[in-house]
Amino acid sequence: MIFLWAFLVGGAICVLGQICFDVFKLTPAHTMTLLVVLGAIGDGVGIYDPLIKFAGAGASVPITSFGNALVHGALDEMKKTGWIGIITGIFKVTSAGVSAAIIFSFIAALFVKPKG
Amino acid sequence: MAVKSAGGGKYRKMSMSPKEYQAFAKTREPSRSIFGNCIRAFIVGGAICLLGQAIQQLFIHLAHMKPEDASNPTVAVLIILSVILTSLGVYDKIAQFAGAGSAVPVTGFANSMCSAALEHRSEGLVLGVGGNMFKLAGSVVVFGTVAAFFVGIAHLIFGTGGAH
């Protein structure tokens, strides 16, 4: 069942992005930025966690979950260490995504000639 | 061709200037293509999330992770896949077909970084790869971080102590 919801919710978030492209004529960068901010606000008001529980990867794979994870790190760390945690904790959860993207993109640039 | 496909009783003569034709074609095109684009974005985006769910399920069952802990390695695996596909030139073909369907998932984030890195490789490792990798992805990181900061401040002000 979680697979079905992952497909539907993930697809729906992508349609939201496509509507930003086509209807509101936003550039990809603006659309991604908007979605990330939406994800951050979504976690701030506490609706993103239930969505992840409900849709699994459908909510954790789209870029909105990046905003969610940033807020998550900040709030978790704030719980432990007080207000300074907002600064020290922001990248705690997103580390996997950002570091993986940097490291493998760099390795790819070392060994691969661009195509097309 | 275009004149015939316009259909109906009203036939326009082929003597339309290119400009007129473009304007005419524009009135016919968008509504259909937006719907089609959304369908394609839905299917491809959903499929990527489905793949993510499958990988996550593997982490849960084979590595005995909790669902919350499994989503991070899942994202990392998807990013590796995306970088490989970008390097092979496949991801850009998918992106042409899928639009936001391949751009919105985290794979699109990795794709934008990897393709920027590859594209600027000829300008050198430091100025080219290092300097341009975040050209597109940078806005996402910057705005995400700033938004997260303000959400954190809001939680501080409302005194939730980080509970959410």
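Residues numbered from 1 in each chain as written. Chains lettered and ligands numbered in written order. Predicted model: local features only at pLDDT ≥ 70, side-chain atom pairs only at ≥ 80, totals over all residues. Heavy atoms only, no water.

### Digging into the overall build of chain B
This is how the line gets drawn: Secondary structure follows DSSP: runs of H or I at least 4 residues long count as helices, runs of E at least 2 residues long count as strands, and numbering of each begins at the N terminus. Note on exposure labels: buried denotes an accessible area under 20% of the residue type's maximum, exposed denotes more than 50%, and partly exposed covers the range between, all computed with a 1.4 Å probe on protein chains only. In what follows, a contact means two residues having at least one pair of non-hydrogen atoms within 4.5 Å. The protein chains shown are the only cover counted for residues, whose accessible areas, like all others here, come from Shrake-Rupley with a 1.4 Å probe.
Along its length, chain B carries nine helices and zero strands. Across chain B, helices and strands are ordered from the amino to the carboxyl terminus as α-α-α-α-α-α-α-α-α. Classification of the 164 residues of chain B by burial places 40% in the buried group. Counting contacts in chain B only where the partners sit at least 6 residues apart, residues at least 24 apart contribute 43% of the total. For chain B, the accessible surface area stands at approximately 9,300 Å², while carbon and sulfur atoms represent 68% of it.

### Some remarks on the environment of B:Ile48
Structurally, B:Ile48 is set in helix α3 (residues 30-62). The buried category is assigned to B:Ile48, whose relative accessible area is 12%. As for B:Ile48 and B:Pro105, which are separated by 57 residues in sequence, their C-alpha atoms are 7.3 Å apart. Excluding its chain neighbours within four sequence positions, the residues that come into contact with B:Ile48 are A:Val61, B:Tyr91, B:Gly101, B:Ser102, B:Pro105 and B:Thr107.

### Let's talk about the layout of surface pockets
We count it as follows: Only protein atoms enter the 1 Å grid used here. Points where a 1.4 Å probe fits but cannot escape make up a cavity, open sets with protein on both sides within 12 Å along at least five of seven lines make up a pocket, and a residue lines them when an atom lies within 4 Å of a point. Grid points are joined across faces, edges and corners, and a volume is the space filled by probe spheres set on the points. Only Asp, Glu, Lys and Arg are considered charged, only Ala, Val, Leu, Ile, Met, Phe, Trp, Tyr, Cys and Pro nonpolar, and every remaining residue, Gly among them, polar.
Taken as a whole, the largest pocket encloses approximately 720 Å³ of empty space. Considered class by class, the residues forming the lining of the largest pocket number 12 nonpolar, 12 polar and five charged. Each pocket or cavity is described by its volume, and for the second largest pocket that value is around 560 Å³. Lining the second largest pocket are 30 residues, with B:Asp92, B:Asn111, B:Ser112, B:Ser115 and B:Leu136 positioned closest to its centre. Taken together, the elements giving at least two residues each to the lining of the second largest pocket come down to α2 (28-44) of chain A together with α5 (90-98), α6 (100-103), α7 (106-119) and α9 (137-157) of chain B. Here the lining of the second largest pocket takes eight residues from α7(B), the largest share from any one element.

### Notes on the nonpolar core
In a soluble, globular protein the nonpolar side chains are often hidden away together inside. Cut-off, in case you're wondering: The nonpolar core is taken to be a set of buried Ala, Val, Leu, Ile, Met, Phe, Trp, Tyr and Cys residues, with the residues joined through side-chain atoms within 4.5 Å.
Core analysis: the biggest nonpolar cluster contains 55 residues, and A:Ile63, A:Phe66, B:Ile79, B:Val104 and B:Phe109 have the highest contact counts within it. A per-element tally of this core places α7(B) first, with seven residues. In contact with B:Val104, other than residues within four places in its own chain, are A:Ile13, A:Cys14, A:Gly17, A:Met32, A:Leu35, A:Pro62 and A:Ile63.

### Brief notes about α9(B)
Residues and elements named next belong to chain B. Quick reminder of the rule: Here a helix's expected span is defined as the number of its residues, less one, multiplied by 1.5 Å.
For α9, with 21 residues, the first-to-last C-alpha span of 30 Å sits near the 30 Å given by 1.5 Å per residue. Looking only at α9, the buried set comprises Ala137, Gly138, Val140, Val141, Gly144, Thr145, Ala147, Ala148, Val151, Gly152 and His155. The positive-phi residue at the C-terminal boundary of α9 is glycine 159, with phi of around 65°.

### Some thoughts on the side chain of B:Gln53
With respect to the helices and strands, the residue B:Gln53 is situated in helix α3. B:Gln53 sits in the buried class, given a relative accessible area of 2%. Apart from residues no more than four positions distant in its own chain, B:Gln53 is found in contact with A:Ile2, A:Phe3, A:Ala6, A:Ala55, A:Gly56, A:Ala57 and A:Gly58.

### Observations concerning the interface of chain A and chain B
The line we're drawing: As a working definition, buried area equals the accessible area (1.4 Å probe) given up by two parts on being put together, with both sides summed. Salt bridges, as used here, are contacts in which a Lys or Arg side-chain nitrogen is within 4 Å of a carboxyl oxygen on Asp or Glu. Polar contact criterion, stated in full: a pair of N or O atoms within 3.5 Å, where within protein one must be able to donate a hydrogen and the other to accept it, and residues adjacent in sequence count only if both atoms are side-chain atoms.
Between chain A and chain B, the residue contacts involve 64 residues of the former and 65 residues of the latter. The largest per-residue losses of area from chain A upon contact with chain B belong to A:Phe3, A:Phe7 and A:Val61, which jointly make up 12% of the total buried on that side. Linking chain A to chain B there are zero salt bridges. Inspection of the region where chain A meets chain B yields nine residue pairs in polar contact (both at pLDDT 80 or more). Among the secondary structure elements, those contributing two or more residues to the side of chain A that touches chain B are α1 (2-22), α2, α3 (48-55), α4 (57-60), α5 (64-81), α6 (85-89) and α7 (95-111) of chain A. The dominant element in the side of chain A that touches chain B, judged by the number of residues it contributes, is α1(A), at 16 residues. When grouped by side-chain class, the residues that make up the side of chain A that touches chain B number 46 nonpolar, 12 polar and six charged.

### Digging into the UniProt feature "transmembrane region" (unreviewed entry) in chain A
Residues and elements named next belong to chain A. In plain terms, the rule: UniProt positions are given in the numbering used here, feature names are shortened, and annotations may be inferred rather than shown by experiment.
Under the present numbering, the feature "transmembrane region" (unreviewed entry) in UniProt falls on residues 27-47, 54-71 and 83-112. The straight-line gap between the two end C-alpha atoms of residues 54-71 is 19 Å; of that span, 78% is helix and 0% is strand. Taken end to end, residues 83-112 is 73% helix and 0% strand, and its two terminal C-alpha atoms sit 44 Å from one another.

### Some points on the packing of aromatic side chains
All names here are of chain A. Going by this rule: Planes of paired rings set the category: under 30 degrees apart is stacked, over 60 is edge-to-face and the rest tilted, where pairs are Phe, Tyr or Trp rings (Trp by its six-membered ring) whose centres lie within 6.5 Å.
Overall, the coordinates contain four aromatic pairs over all chains when judged by the stated rule. Between tryptophan 5 and phenylalanine 54 the ring centres are 4.8 Å apart and the planes differ by 40°, which places this aromatic pair in the tilted class. Taken together, the residues span a long stretch of sequence, with tryptophan 5 in helix α1 and phenylalanine 54 in helix α3 at a distance of 49 residues. Relative accessible area serves as the criterion here: at 30%, tryptophan 5 is assigned to the partly exposed category. Classification of phenylalanine 54 as partly exposed rests on a relative accessible area of 40%.

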